[in-house]
Amino acid sequence: MRNIDDYNFRNRKALLRVDFNVPLNNELIVTDETRIIAAIPTIKKIINEGGSVILMSHLGRPEKGPEDKFSLRHIIPNLQERLGIEVKFAGDCIGSLASELSKALGTGEIILLENVRFYQEETQGDQDFAIKLAKLGYIYVNDAFGTAHRAHASTTIVAQFFEDKCAGYIMGNELAYANKVLEDPNRPFTAIVGGAKISDKIMIIEKLLDKVDNLIIGGGMSYTFIKAQGGAIGKSLCEDNRKAYTLELIEKAKVKNVNLCLPLDNVIADDFSNNAKRQIVKSGEIPYDWEGLDIGPQSIYAFENIIKKSKTILWNGPMGVFEFHNFAVGTEAIAEAVVSATQNGSFSLIGGGDSAAAINNLGFGNKVSYVSTGGGALLEYMEGKTLPGLAILEN
Ligand code: AMP
């Protein structure tokens, strides 16, 4: 696969697929610029070499065509400020507006196309739509790691129509860090897996059992393990059809000499809300009408001890319902332990999605080794799946 440094962009128009799928608040102001900041080095490399850039991205999940709340125009102030250059807005991603602006584009100039998902052809991977996009530039650069696992028109299909195509810096970094963790981890290597469902993470857990020394399981998925072992979990999240599988995993971990750690205690709630009544109980002792929404202090202590002794840490998924302030303590404590291990020389990779949000909300983004910009894509890559957005760059 060609890398962006294999090309010189002098006098070349790059069609650059970025991931500007950033959160906006009710006033349509960007609340987390991580993905915009991450894209700057790739954009600057092209501009500084005397090229020009046509930026394309999706934002949110518009289902009924164009909708202002999903317009990429809302991110222009942030993008201009981060780049220090004017960014023109095309108002559409295909059609005469986009093509006129791209034709008139001079050296060092940047245009931003409108949300590609305003057309359902984008997610359908439509060829004709991809051809229209391809006409806008002469070289295709894909730096949207977060959507590399989707064979969409702008992430994959479009690349077929370019002789010159390559991966941007984000893509390169994500792969390098994922490979480092999988192929060459300093030991002990600890993976922390949390979040809602075990069924979403089966493949990655299987893969990690061959790689890690410690596997910490927290969050909603831990209750299926506890119930399978005969514990009482009340109304906590549980996938009954996965109980047998969790017992298999526990056995596999023993055979592979992996220290599989489950929560020792939980913060439980009498209702699924931030203001619910709370109490701390031992794991497997949750009353029938209560539910576990966070890990408790003994679990935090045990997990912190493991994390602090680890030389490589991979974290995907929160330890509880961290969106509720009163049940975010476990997730925050784990984030702090990962930061402290990093400060002592460990390598820490935060696997996108909700764990990245938790790290960024706490202002720890720069205190860990790397925060992935793509949760689903990173997991699929680590599971060993082919990412269509990458594979097409190899042809
Ligand atoms: P995932 O996308 O699988 O990483 O899951 C993240 C989601 O899991 C977050 O929205 C959390 O609120 C949710 N979650 C974590 N722990 C629990 C729990 N104990 N009960 C219900 N939901 C949870």
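All values reported here derive from a predicted model rather than from experimental measurement.

**Describing the sheet that holds strand β6 (residues 165-167)**
In spatial order, the strands read β3-β4-β2-β1-β5-β6; together these 6 strands make up an open sheet with parallel pairing. The outermost strands of the open sheet, each flanked by one partner alone, are β3 (87-89) and β6. Each strand axis lies, on average, 25 degrees off the axis of its neighbour in the sheet, ignoring direction. Looking at chain direction, strand β1 (residues 13-17) and strand β2 (residues 52-56) are connected through 5 bridges and run parallel. The residue bridging Ala14 from the neighbouring strand is Val53, located in β2. Across the sheet, helix α1 (residues 34-48) touches β1, β2, β4 (110-112) and β5 (139-142), and the angle it forms with β2 is around 150 degrees.

**Focus on the pairing of strand β16 (residues 347-350)**
Alternating residues of β16 divide into Phe347 and Leu349 and Ser348 and Ile350, and every residue in both groups is buried. Relative to β16, strand β15 (residues 312-316) runs parallel, the two sharing 4 bridges. Residue pairing across strands places Thr312 opposite Phe347, the latter belonging to β16. As for the winding sense of the linkage, the β-α-β connection from β15 through helix α11 (residues 329-343) to β16 is right-handed. In this sheet, strand β17 (residues 370-371) lies alongside β16 in parallel orientation, the contact comprising 2 bridges.

**Points about helix α13 (residues 375-383)**
Most of α13 is tucked away: 7 of the 9 residues are buried. Of the positions making up α13, those classed as buried are Gly375, Ala377, Leu378, Leu379, Glu380, Met382 and Glu383. Immediately beyond the C-terminal end of α13, within one or two residues, lies Gly384, with a positive phi of roughly 100 degrees.

**Points about the environment of Glu33**
Considering the arrangement of structural elements, one finds Glu33 in the loop between β1 and α1. Along the chain, Glu33 and Asn78 lie 45 residues apart, while their C-alpha atoms are 7.6 Å from each other. Once residues lying within four places of it in the same chain are set aside, the contact partners of Glu33 are Asn78 and Arg82.

The rules behind each value
Residues numbered from 1 in each chain as written. Predicted model: local features only at pLDDT ≥ 70, side-chain atom pairs only at ≥ 80, totals over all residues. Heavy atoms only, no water. Pairing = 2+ DSSP bridges. Helix = DSSP H or I, 4+ residues; strand = E, 2+ residues; numbered from the N terminus. Axes fitted to C-alpha atoms, helices over the stretch in contact; angles between N-to-C directions. Contact = heavy atoms within 4.5 Å. Buried < 20%, exposed > 50% of the residue type's maximum accessible area, 1.4 Å probe, protein only. Right-handed = clockwise from strand over helix to strand, strands pointing away.

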